[in-house]
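# Breakdown of the fold
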Amino acid sequence: MSDIRALRIKEHIVNRKVHPTPEQISKSNHLLSDDDFEITIDLHRFIVSSLNTPNKLYPKVMLMGDSIAECAFVPEGLRITDVLNAFVSDNSMLNPYEFLNAACSGNTTFHMIVVYLAKLMPLNPKHVIALMGSIDAGACRSSYNYWTPLKGTTPFTYTHEFKKFPRKLDVDFSYREALLIGLDSMCKAMGTHFHIAT
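Computed from a predicted structure; not experimentally measured.

Turning next to the overall build of the protein. Looking only at helices and strands, the protein features six helices and nine strands. In the protein, the proportion of contacts linking residues at least 24 apart, taken out of those at least 6 apart, comes to 71%. Just so you have it, the protein exposes about 11,200 Å², and 57% of that area is on carbon and sulfur atoms.

Next up on the list: unusual backbone geometry. Unusually for a residue other than glycine, Arg45 sits at a positive phi of about 65°. With respect to the helices, strands and loops of the structure, Arg45 is situated in the loop between strand E3 (37-41) and strand E4 (47-48). At Asn124, a position not held by glycine, the phi torsion is positive, near 50°. Relative to the elements of secondary structure, Asn124 occurs in the loop between helix H4 (109-120) and strand E7 (127-131). Residue Asn124 is classed as partly exposed on the basis of its relative accessible area, which comes to 46%.

On to the environment of Gly191, then. Mapping Gly191 onto the fold places it in the loop between helix H6 (174-189) and strand E9 (193-197). Judged by its relative accessible area of 47%, Gly191 is partly exposed. In this structure the C-alpha to C-alpha distance between Gly191 and Pro125, which are 66 residues apart in sequence, comes to 8.5 Å.

A separate point is the packing of aromatic side chains. All told, the structure shown has two aromatic pairs when counted by the stated rule. On the basis of an interplanar angle of 65° and a centroid distance of 5.9 Å, the ring pair of Phe37 and Phe73 is categorised as edge-to-face. Of this pair, Phe37 sits in strand E3 while Phe73 sits in the loop between helix H2 (67-70) and helix H3 (80-90), and the two are 36 residues apart along the sequence. According to the relative accessible area criterion, Phe37 is buried, its value standing at 7%.

This brings us to the side chain of Lys10. Locating Lys10 in the fold gives a position in the loop between strand E1 (5-7) and strand E2 (16-18). Glu70 provides the closest opposite charge to the buried, unpaired Lys10, separated from it by 8.4 Å. For Lys10, the side chain forms a polar contact with the main-chain oxygen of Ser105, separated by 3.1 Å. A polar contact of 3.3 Å, which involves the side chain of Lys10, links it to the backbone oxygen of Gly106.

Calculation rules
- Residues numbered from 1 in each chain as written.
- Predicted model: local features only at pLDDT ≥ 70, side-chain atom pairs only at ≥ 80, totals over all residues.
- Heavy atoms only, no water.
- Helix = DSSP H or I, 4+ residues; strand = E, 2+ residues; numbered from the N terminus.
- Contact = heavy atoms within 4.5 Å.
- Areas by Shrake-Rupley, 256 points an atom, 1.4 Å probe, with all protein chains shown as cover.
- Buried < 20%, exposed > 50% of the residue type's maximum accessible area, 1.4 Å probe, protein only.
- Phe/Tyr/Trp six-rings, centres within 6.5 Å; stacked < 30°, edge-to-face > 60°.
- Lys, Arg positive; Asp, Glu negative; His and termini not counted.
- Salt bridge = Lys/Arg side-chain N within 4 Å of Asp/Glu carboxyl O.
- Polar contact = N/O pair within 3.5 Å; in protein donor to acceptor, adjacent residues only side chain to side chain.

Just distances and angles here, no functional claims.
Shown next, in the form of C-alpha cells:
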C-alpha cells in the first residue's frame, strides 16, 4: 500500500456516452429513456452542445454542480446551459451571456473549489452558479468529512481501497459552510458574482 495521493479534478472524458442503468430508469418512474446520451465537451472539458453556438465574446456564466446540473441523461440541446444559451440568443432585450456547464456527476463543494481554481478562475467568468448539495450530505456525515477517503466524494485519489459510506444520517455541514464562504471570497476577489442554488 502506498501513501501517494493526487488532487483530483472531476471532469468529463472526450467522446463520452452515458446510459442509464436499469435501477436509474426504475427510480425515475421510467421517465428516463433506455438510450445512450452523448456528452460533448469543449477544450476545457465543459459540457457543450453542437446545437448551440454561443458567442464567445459574451461574458461567461459558469454553472458548477453535480449530476443535477450535469444533465447527463438529458438529450443534447435540452440541457440547462443549452436552454439558457438558446433563450439569451432569442431575446435581444436580455444582457448577452455565454452559459458554460462545468458540472460533473458526484461533485461536492470541495470539488467545486478545485474546479474553480484550476479551470474557472483563468476564464474570469462574470457569474458562477453553484447548483449542488446532495452529494455533500454523504461527505459530511458524522465522523466523516471531505478529506475522508470515501469513493466519489474525496478530492484526492488514493492507491488503497476507499471506505464505504456510513449508514448514519447525522450530518455536520460546518465544513461545507466554510468552503462556500471561501469560494464566495475567491469569486469576489476576481470580480465574479457567486450564486448558490441548492
